[in-house]
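Fold and contact review
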Amino acid sequence: MDIDRIDYLRRDSFFTGVSEGTIGSERIIKMLNVRDDQIVVEEKGIYSIENFLNSRRLMYWQVYLHKTSVSAEEMLIQLIKRARILTQKGVTVFATPALTIFLERNISKEDFIEDVDILDVFALLDDSDIWGSMKFWLNHEDFVLATLSNMLLNRKIFRIEMSNSAFSKDLIRKVREEVAQHYGISEKEAQSLVGSGKISNEAYISSGQKINILSKNGEIVDIAKTTELPNIKAMSKIITKYYICWPKGVETKYQF
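From a predicted model like this one, the values you see are computed outputs, not experimental measurements.

A closer look at the packing of aromatic side chains
- Under the counting rule described, the total for this entry stands at 8 aromatic pairs.
- Here the aromatic rings of Tyr-60 and Tyr-64 are separated by 4.9 Å at their centres, their planes lie at 70 degrees, and the arrangement is edge-to-face. With Tyr-60 and Tyr-64 both in helix H3 (residues 46-64) and 4 residues apart, this pair spans about one turn of that helix.
- Taking the centre distance of 6.3 Å and the plane angle of 25 degrees together, the rings of Phe-102 and Phe-112 count as stacked. Of this pair, Phe-102 sits in helix H5 (residues 97-104) while Phe-112 sits in helix H6 (residues 109-114), and the two are 10 residues apart along the sequence.
- Lys-241 extends its terminal NZ or CZ atom over the ring of Trp-61, reaching a point 4.6 Å from the ring centre.

Encoded structure:
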């Protein structure tokens with residue numbers, strides 16, 4: 001819990017219209033105190049913190065990890081990967097100067113540490129680099145790059161299926177084969193039109209920066225260990241879901 005999370009939770013709740021993200025931020029701030037060089041929450045504010053954590057959990061499932069958001073993000077990842085593959089093969093792929101550097105080079109974490117200029121270039125990247133470049137890729141000779149750009153710009157988001165268990169590699173391969181057959185492309189190219197992976201949500205990570213409650217007797221307790229809030233322990237459990245997504249125009253014979 002920090003001021004940034006409190007701020008964006010209320011902000012995102014307002015702009016998305018998801019009322020579950022509404023929290024009493026003024027009361028939370030009012031209940032903050034300092035004890036033994038630690039930021040703590042006075043015990044009488046414990047239910048406001050519970051509401052904060054619950055709202056955060058709901059916002060993740062309803063907004064940040066909503067299936068449409070997950071599908072769109074996977075499409076964007078596949079788009080950048082495809083542009084990078086083509087660029088490194090010598091194919092001309094127009095992009096802004098900052099984006100071009102990251103398409104041409106395989107930049108690692110160590111490069112950011114050793115070369116300050118790389119970090120400066122990365123800081124120049126924003127949404128405009130991606131959306132502006134996509135408008136050029138609409139008419140690119142590469143079918144996959146052009147198709148993904150067209151779909152994203154026109155909000156034609158992939159169909160997505162989610163499951164509590166991982167999809168088999170065989171199923172993913174068969175869906176890829178159907179996509180390749182539908183568009184008349186190779187299975188290797190179809191890899192960029194079929195996405196799969198997993199998402200997870202943990203409302204409160206007790207092993208990280210703990211939310212400390214200052215009890216009336218002066219004892220500092222991790223909120224996950226308070227007897228009054230058994231739901232906090234449930235929120236600390238990592239929930240993982242698996243997904244597979246592909247273009248909506250492609251019909252598969254598999255039941256999900």
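Moving on from the model shown.
Some details on the sheet that holds strand S7 (residues 239-246)
- The strand order S3-S7-S4 describes an open sheet built from 3 strands, whose pairing is antiparallel. The open sheet has two edge strands, strand S3 (159-163) and strand S4 (195-201), and neither has a second partner. If you compare each strand with its neighbour and ignore which way they point, the axes differ by 25 degrees on average.
- Across 7 bridges, S4 lies against S7 in antiparallel orientation. From the neighbouring strand, Ile-199 faces S7, where its bridge partner is Lys-241.
- Relative to the sheet, H3 contacts S4 and S7, its axis offset from that of S4 by approximately 165 degrees.
- Where helix H4 (residues 67-88) meets the sheet, it contacts S3, S4 and S7, and its direction lies at approximately 115 degrees from that of S3.

Parameters at a glance
Residues numbered from 1 in each chain as written. Predicted model: local features only at pLDDT ≥ 70, side-chain atom pairs only at ≥ 80, totals over all residues. Heavy atoms only, no water. Phe/Tyr/Trp six-rings, centres within 6.5 Å; stacked < 30°, edge-to-face > 60°. Helix = DSSP H or I, 4+ residues; strand = E, 2+ residues; numbered from the N terminus. Lys NZ or Arg CZ within 6 Å of the ring centre and 35° of its normal. Pairing = 2+ DSSP bridges. Axes fitted to C-alpha atoms, helices over the stretch in contact; angles between N-to-C directions. Contact = heavy atoms within 4.5 Å.

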